[in-house]
Amino acid sequence: MSIKTYREAINEALLQEMKKDENVIVIGEDVAGGAGTNGEQDAWGGVLGVTKGLLKHFGRERIIDTPITETAIMGMASGAALTGLRPVAELMFVDFMGVCFDQILNQTAKFRYMFGGKAVTPLTIRTMYGGGLRAASQHSQCLYPMFTHVPGIKVVLPSNPYDAKGLLIQSIRDNDPVIFMEHKNLYDTSGDVPDESYSIPFGEANFTREGKDLTFIAMGQTVAICNNVADTLKKEGKTCTVLDLRTLSPLDEDSILEAAEETGKVVIVDESYPRCNVATDISALICQNSFDSLKAGIKMVTPPHTPVPFSPPLEDLYLPSEEKVLNAAKEIL
Amino acid sequence: MQLSREELLKAYQGMCLIREFDDAVHYEFAADAMPGFVHLYVGEEASAMGICMNLNEKDTIASTHRGHGHCIAKGCDVTDMMKELYGKKDGICGGKGGSMHIADLSKGMLGANGIVGGGPPIVLGAALTYKTKKMNNVSVGFFGDGASNQGSISESMNMASVLKLPAIFVCEDNGYAESTAREYAVGGKILDRGKAFGLDSHEVDGDNFFEVYEAAKHVIDNARNGKGPALLHIKTSKVYGHFEGDAISYRTKEENERIKNDEDPLKIFKKKVIDAGLLELTQLENIENESKSKIKKAIEESKDAAFPNPNDLLTDVYIKY
Ligand SMILES: Cc1ncc(C[n+]2csc(CCOP(=O)(O)OP(=O)(O)O)c2C)c(N)n1
Ligand SMILES: [Mg+2]
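Thresholds applied
- Residues numbered from 1 in each chain as written.
- Chains lettered and ligands numbered in written order.
- Predicted model: local features only at pLDDT ≥ 70, side-chain atom pairs only at ≥ 80, totals over all residues.
- Heavy atoms only, no water.
- Pairing = 2+ DSSP bridges.
- Helix = DSSP H or I, 4+ residues; strand = E, 2+ residues; numbered from the N terminus.
- Axes fitted to C-alpha atoms, helices over the stretch in contact; angles between N-to-C directions.
- Contact = heavy atoms within 4.5 Å.
- Buried area = accessible area lost by both parts, 1.4 Å probe.
- Salt bridge = Lys/Arg side-chain N within 4 Å of Asp/Glu carboxyl O.
- Patch = residues over 30% accessible without salt bridge, like charges linked within 9 Å, V, L, I, M, F, W, Y side chains within 5 Å.
- Areas by Shrake-Rupley, 256 points an atom, 1.4 Å probe, with all protein chains shown as cover.
- Lys, Arg positive; Asp, Glu negative; His and termini not counted.
- Charge placed at Lys NZ, Arg CZ, Asp CG, Glu CD.
- Donors = N, O, S within 2.8 Å, 3.2 Å for Na, K, Ca; no water.
- Buried < 20%, exposed > 50% of the residue type's maximum accessible area, 1.4 Å probe, protein only.

> Please explain the sheet that holds strand S7 (residues 230-235) of chain B as it appears in this structure.
Residues and elements named next belong to chain B. An order of S1-S2-S3-S7-S6 is seen for the five strands of this open sheet, with the pairing classed as parallel. The open sheet has two free edges, formed respectively by strand S1 (60-62) and strand S6 (200-205), since each of these has just one partner strand. Pairwise comparison of adjacent strand axes, ignoring direction, gives a mean angle of 20 degrees for this sheet. Relative to S7, strand S3 (residues 167-173) runs parallel, the two sharing six bridges.

In structure tokens, the structure reads:
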């Protein structure tokens, strides 16, 4: 066990799985970098350095830098997964899914069902999402609800380094297509991560705080926000549960309902656009199944229905914050 | 050479303003004074100016993530642009877009773009408007060597060819896409891709303003006269890295020096016009100084300017909702 960053945890998961299984390959733009240049090879290791260092272990045969061509990247990775490789394809920013969604939506995600259960597509798509870097409307979106909407693809949102490693290893080993979504703001966060390989099963949400007065439901980057707010409220004498969903598809419905019923008061914190997002989905689930145990209307903390603005004060206003979450909690406590 | 003294001065003014703007952004960014991602155009100035000096206000362009030069060459106000980079309310897009989304429709600037390969399909649409309404205009789509590998670029060239649209595709080939060399990422030749779709295709030395200007004049005049689309493959180089903060370890020291010293379009222009006795050194130096003070003022004003109001977050998602 040692302290590692989220970035290091992801890198270590890739390293260990690639050592273990020669069918695992990494495909993407500048995942090593320096291709065809006279300068440093492995010059980038991904735009934020997450895959840096893999090149020296596995060479360009398994760390494959591609042209800028997301449709071909996703299609190639899907086809390779269908025929015997176990690719980890990188989509640099999830926003670029706009370029290549067909390969996910109509191809990979549907192979197994359309082909009557014959296809096995062990594809992992790693991608970066979320706001906070002042990266503006085309580089800051979350978009995970677009994937949870599609049957046939699993959606994973690790909230911390330990989960990032275990869930990425599970993603790579999983025989279904998985999109593994990394929040940009989490890369430099750190925590205890075992040195050995381990996996965390999908569909098992994690209780990061347990309490009696209120339940926060969170995913990815919003987990830390909720943990902090729960800690603040504890000092004020209120104890809260925080449920980290870990995977949005499959969704741990039992834990969600259990967590909601225990306190009867629910705040869901979701950084994605507010219409048809994870918060609305979960709130419908709770209303359908646990309506009688609710003691207050469900609160959702989300951005407004707007693109992500560039200007720093506007982006700060846009994003869910501890202050907003605390206020939402206090309204129903 | 049919350029007048006024036109030559205008070309140098534009190139200097682009240079000063992006050099200043380089220093501001390094001093942590500027938010977000910025991609600088230093070293490629002759391309933007050589193309845009053949366009009028009603003609349109679509730009890339490396868009400051295109914006300035198409007439966007540098103070409004600078305010945008600082996320200020009076920025050219109200602070909502930032460096990668600068647009000024009144100037025919249809937007920088955060999506590689996002611009050229939009240019098709502008060109279709001109064709449908029998307007005498053209639309120019800029993209990089890296972007040339996107399907959207091939699809756009083909569509322009099929519909014989007044669309010009300008590939600014600076040899790299992020840290990846063109030699690695481009299969075959960029020029041949244009030819394959039936476009009038030319390779151009992008460090030489006059060569860009001539080639652009040829294809733009033709497009205006209903002779259809074209591809210009402009060979150039960028002085700074992919974005600010890039260590540029994929280029050698010698290459960096060569780009700075031997491939500087401003130096090359200056030498040509002075050697040919077309302009005097003092005229050029005056322009350099004017650009410097203009940009200095733009930065000062931008830093002092107000941020958007909280209400601004919710406006302009729709016209009416
Ligand atoms: C669809 C999409 N894929 C990837 C990126 C990330 N990205 C931004 S610029 C860039 C390189 C572009 O290279 P090139 O087209 O040669 O333009 P240059 O930066 O050299 O001007 C990449 C990969 C993006 N913004 N959009
Ligand atoms: Mg390039």
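Anyway, onward from the coordinates.
> Looking at this structure, how should I read the interface of chain B and chain A?
As a measure of interface size, the accessible area lost when the parts come together is often cited. In this assembly, 46 residues from chain B lie in contact with 41 residues from chain A. Of the roughly 3400 Å² buried between chain B and chain A, counting both surfaces, carbon and sulfur atoms make up 65%. Counting across the interface, chain B meets chain A through zero salt bridges. Of all the secondary structure elements, the ones that give two or more residues to the side of chain B that touches chain A are helix H4 (78-85), strand S4 (176-177), strand S5 (180-181) and helix H7 (182-185) of chain B.

> Mind showing me how you'd approach a negative patch on the surface here?
Residues and elements named next belong to chain A. A surface patch of like charges, here negative, comprises Glu 210, Glu 253, Asp 254, Glu 258, Glu 261, Glu 262 and Asp 281. Here the negative patch gets five residues from one element, more than from any other, and that element is helix H8 (residues 253-263). Structurally, the position occupied by Glu 262 is in helix H8.

> How do you make sense of the coordination of the magnesium ion (ligand 2) when you look at a structure like this?
Ideal geometry at a metal centre: 109.5 degrees between donors when four sit tetrahedrally, and 90 or 180 degrees when six sit octahedrally. Residues and elements named next belong to chain B. Here the magnesium ion (ligand 2) is held by the protein donor atoms Asp 145 (OD), Asn 174 (OD1) and Tyr 176 (O), which lie 2.0 to 2.1 Å from it. When the donors of the magnesium ion (ligand 2) are listed by position in the chain, the intervening gaps give D-x28-N-x1-Y. With a gap of 31 residues between them, Asp 145 in the loop between strand S2 (139-144) and helix H6 (151-163) and Tyr 176 in strand S4 connect regions that are remote in the sequence. Each of the two residues, Asp 145 as well as Tyr 176, counts as buried.

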